[in-house]
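# Topology and contacts: notes
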Amino acid sequence: MEIIPFDDRDGTIWLNGEMIPWREAKTHTLSHGLHYASLVFEGERSYNGRIFENEWHTKRLRESGRILDFDLPYSDAEIMEAKRAVLDANGIVDGYVRACAWRGSEMMAVSAQMTKIHMMVAAWDWPSMYDPEAKMKGITLKIADWKRPSRETAPVHAKAAGLYMICTLSKHAAERDGFQDALMLDYRGYVAESTGANVFFLMNDGRVHTPTADCFLNGITRQTVMKMIEGMGYEVVERHIKPEELENVTECFLTGTAAEVTPVSQIGDNHFNPGGFCRTVMDGYTSLVRG
Ligand code: PMP
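Scope of this entry: the structure provided in the associated data block. (Residues numbered from 1 in each chain as written. Predicted model: local features only at pLDDT ≥ 70, side-chain atom pairs only at ≥ 80, totals over all residues. Heavy atoms only, no water.)

Assigned secondary structure in the chain consists of 7 helices and 15 strands. Taking 19 Å as the expected radius of gyration for a compact globule of 291 residues, we find that the chain reaches 19 Å, a close match to that expectation. In terms of its C-alpha atoms, the chain occupies a principal-axis envelope of roughly 55 × 40 × 40 Å. Counting across all 291 residues of the chain, residues that qualify as buried make up 52%. Counting contacts in the chain only where the partners sit at least 6 residues apart, residues at least 24 apart contribute 69% of the total. (Helix = DSSP H or I, 4+ residues; strand = E, 2+ residues; numbered from the N terminus. Rg over C-alpha atoms; globule rule 2.2 N^0.38 Å. Buried < 20%, exposed > 50% of the residue type's maximum accessible area, 1.4 Å probe, protein only. Contact = heavy atoms within 4.5 Å.)

The full set close to the ligand counts 14 residues, and R60, Y164, E193, T221 and T257 are the nearest of them. Y164 is positioned with one of its side-chain polar atoms (N or O) 2.5 Å from an oxygen atom of the ligand. Note that an oxygen atom of the ligand is positioned 2.8 Å from one of the backbone N or O atoms of I220. Under a 2 Å grid-point criterion requiring more than half of the atoms, the pocket assigned to the ligand is the largest pocket. (Near = heavy atom within 4 Å. Polar contact = N/O pair within 3.5 Å; in protein donor to acceptor, adjacent residues only side chain to side chain. 1 Å grid on protein atoms, 1.4 Å probe; cavity = no way out; pocket = protein on both sides within 12 Å on 5 of 7 lines; lining within 4 Å. Sits in = over half its atoms within 2 Å of the grid points.)

Another aspect to go through is empty space enclosed by the protein. For the structure shown, the criterion picks out 2 cavities of 30 Å³ or more. Estimates place the volume of the second largest cavity at around 50 Å³. R45, Y47, F52, H57, I220, T221, T257 and Y285 together form the lining of the second largest cavity. Mapped by element, the contributors of at least two residues to the lining of the second largest cavity are β3 (39-47) and α6 (220-231). (Points joined across faces, edges and corners; volume = space filled by probe spheres on them.)

The next subject is the pattern of salt bridges. Summed over all chains, the structure comprises 21 salt bridges. D10 serves as the salt-bridge partner of R23, at 2.9 Å between the closest nitrogen and oxygen. With a gap of 13 residues between them, R23 in the loop between β2 (18-21) and α1 (32-36) and D10 in the segment before β1 (12-15) connect regions that are remote in the sequence. Looking at R23, the relative accessible area reads 40%, which means it is partly exposed. (Salt bridge = Lys/Arg side-chain N within 4 Å of Asp/Glu carboxyl O.)

We now examine the pairing of β2. As defined by bridge partners, β1 adjoins β2 across 4 bridges and the pair is classed as antiparallel. Bridge pairing links I13 to I20 in β2. In textbook terms, the turn of a hairpin is the stretch between consecutive antiparallel strands, and for β1 and β2 this stretch comprises 2 residues, one of which, N16, has a positive phi near 50 degrees. (Pairing = 2+ DSSP bridges.)

Laid out in structure tokens, this is it:
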């Protein structure tokens, strides 16, 4: 696979209020965000030139910053304007938008009260390759050894860089064992989420079950899909789910901005057949985001 590094591409990136040539959008090696993970970010998708839930993502970025004890130096309107400018400058219609905010270089120690907050917005083409037949094969998940931490242990509701340390480790371990991703349990042993997406189960009681988002990101896609499925007449139950209950699962899928609705065919030793339910939810989500 040929890799085109993200720092060696053509285009324009918005950095601290200015549109900068892509390769020049740099930050210093001595940045608090880099050394101490004082960085929050968003992953968003543009469909037909329009960012899905643009305002919601903007507010979540601000809230993630607040949780990490800093304020974003731009208004919601300015941030949304920056996203628009980046999509237009790069000619992106169907793409992925990455916005982030981090602490700068004024202080290089644990305390970082005087650091300047930096912000950037970049975007790249990511045509939604909606190939339902390929997706319906489903992906395989290994149960991770790492556990999602409790609310007393980490700022679990922020979309913050530091929380992804165990996600990368879990995903690497899964890939080494021939799986595509990992399913993470929480500190109590309940099913939590995958390394970058939330999880839903159609169980043999005919209802849809999803873990209560009390120690991980309550995804925008998760909340959107829950509402959508309820509108389709399904009963959705949010609760603590034990891994033993995976035996009772008929169909399973992940939800996330990047994952959209991704059917799952295996978790550990449990196998499922993505069927009519996954298909209905996938199709429903596609119409929603493109509507
Ligand atoms: N959990 C994690 C750890 C994630 O990184 C993501 C992707 N942002 C999600 C869940 C899903 O969130 P959303 O639907 O808002 O993209």
